[in-house]
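# Fold and contact review
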Amino acid sequence: MSTAAAGHGSQTGKVKITREDLLGTERRWRRFGEPTAAGESLNEDGTPDYGIFGPGSVVWEVLLHPATVVFLNAVQGAVQTKGYNPIVAGLRDRDPVSRKAREGTLNMLDVFDRLSRNSGMHAPMWLGDSKTAKLMYKHLHNIHKRVAGDVIDTARPELGGYAASEPRDAMWAALTEMHPMLRVYEAFAFRDGKFPHRLSPEQRDQFVAETGAYLRLVGAAEEDIPANMAELGALYEKYADLFEPTTTVNNLPDTGEDWTKLSKEAVKKNFHISQVRALVPYLLQTTLIELPVMGTLPARMRRSMGLSPRKDKAAVRAAKLFLPIAWLMQQGPYERYILRRMWGPDSIRLLQSARRLHEQTLARRAMDQLVAGANSAGAPASA
């Protein structure tokens, strides 16, 4: 047993961690055996089972880009810990990080481990076949059934409670992964020989429409599932009260203490120099790039995260100034560094398989268009 593994069960969180502890194995992310990649199994009719999105989809075009791979944890983490208040409440009350913070045993490896599983445990749903997606959803759903409480924000009792496995909060957990994914791709992904730029309105609508398959998987109410960007905007308006900026949602209902402050105090108290191994990649995915990442988000989301007008302008400016660094961070060496630490071995294999399928599909489409164009040009004019 590693030193870190032994320390997790002790009265102190001040443990020495090794590189092996940091990297972990498939077991950090795997919950039901090895996942099956999209296209590696067949539907009942004999056609390949590409899962909920599949090659050629706009979602895969966005998700598979190195910029998305590198910045997804950062943008998702920022939105889910600062934007949608029921998720913040669930983390406050039920997350193991919060529990260990209250106990005083939280250490840097715990914090890193929690962040690193964000993408690694979602990739099977995004990049696996249908069975793999359903198995991972079932696992997460069973966990989320315990993430429920009567109070979102002690200062705003009118908001009521939260339930991570119920349609509303399950839907927003998925949307606060997918919409920020689109925004960080449009802001930072160098592609087509051009600087980062927005997708066309039609492609953006298609991204939202395709996201519907994921929302149905997690149990969102059909009447809430948006089919285009306009409907997504309307959905934000419908649930605007749950995105209102607040300074009290982090306060524990029973003691009034801010759980994020308790977390920082515990990590500081339990810090060992070897935990720098976990601290560095954690900072590279959070604090060090948080401001430019927040600058990629819609103005309403930045407001919900509590940014002052001055900091809001600084975030937008930082996103633009960050482009040279963003370009470097989406190159092969850094992407591989992030993949191994934040996605894990299974997800790396799923991602590589998906990229091959996606490229093959796009190449076939391009060839079909060329043939169709040639046939059209060579057709005789009608009388």
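This text follows the structure it describes.
Note that this is a predicted model, so its numbers are computed, not measured.

### With respect to the environment of Leu357
Tracing the chain through its elements places Leu357 in helix α20 (residues 345-378). Judged by its relative accessible area of 17%, Leu357 is buried. Here the alpha-carbon distance between Leu357 and Leu175, two residues 182 residues apart in the chain, equals 25 Å. Ignoring any residue separated from it by four or fewer positions in sequence, one finds Leu357 in contact with Ala38, Gly39, Tyr50, Pro55 and Trp60.

### Some details on the pattern of salt bridges
Inspection of the entire model under this criterion finds 18 salt bridges. Between Glu34 and Arg349 there is a salt bridge, and its shortest N-O distance comes to 3.4 Å. Of this pair, Glu34 sits in the loop between α2 (19-23) and α3 (58-63) while Arg349 sits in helix α20, placing them 315 residues apart in sequence. The residue Glu290 makes a salt bridge to Lys82 at a minimum N-O spacing of 3.8 Å. One end of the pair, Glu290, is in helix α15 (residues 290-295); the other, Lys82, is in helix α4 (residues 66-82), with 208 residues separating them in the sequence. Accessibility expressed as a relative area gives 32% for Lys82, which makes it partly exposed.

### Some thoughts on helix α17 (residues 309-321)
Between the first and last C-alpha of α17 there are 19 Å, a value that for 13 residues agrees with the 18 Å anticipated at 1.5 Å per step. For α17, the full list of buried residues reads Asp312, Ala315, Ala318 and Ala319. Down the axis, α17 shows its buried residues gathered within 125° of arc, on one side only. Along α17, the residues that are exposed and aim more than 90 degrees away from the buried face are Pro309, Arg310, Lys313, Lys320 and Leu321. Looking at the packing, one finds that the buried side of α17 touches α10 (167-188), α15, α16 (299-304) and α18 (323-329).

### Overview of the packing of aromatic side chains
This model, assessed by the stated rule, comprises 13 aromatic pairs. Between Tyr84 and Trp172 the ring centres are 5.9 Å apart and the planes differ by 35°, which places this aromatic pair in the tilted class. Placement of Tyr84 in the loop between α4 and α5 (85-94) and of Trp172 in helix α10 is noted, with a sequence separation of 88 residues between them. We classify Tyr84 as buried; its relative accessible area is 0%. Given the relative accessible area of 0%, Trp172 is considered buried. Ring plane angle 25° and centroid distance 5.8 Å describe the contact between Tyr334 and Tyr337, whose orientation is recorded as stacked. Here Tyr337 and Tyr334 lie together in helix α19 (residues 332-342), a separation of three residues that amounts to about one turn. Grouped by ring-pair contacts, the aromatic residues Tyr84, Trp172, Tyr236, Tyr239 and Phe243 constitute a single cluster.

Quick notes on the rules
- Residues numbered from 1 in each chain as written.
- Predicted model: local features only at pLDDT ≥ 70, side-chain atom pairs only at ≥ 80, totals over all residues.
- Heavy atoms only, no water.
- Helix = DSSP H or I, 4+ residues; strand = E, 2+ residues; numbered from the N terminus.
- Buried < 20%, exposed > 50% of the residue type's maximum accessible area, 1.4 Å probe, protein only.
- Contact = heavy atoms within 4.5 Å.
- Salt bridge = Lys/Arg side-chain N within 4 Å of Asp/Glu carboxyl O.
- Expected span 1.5 Å × (residues − 1).
- Arc of directions from axis to C-beta.
- Phe/Tyr/Trp six-rings, centres within 6.5 Å; stacked < 30°, edge-to-face > 60°.

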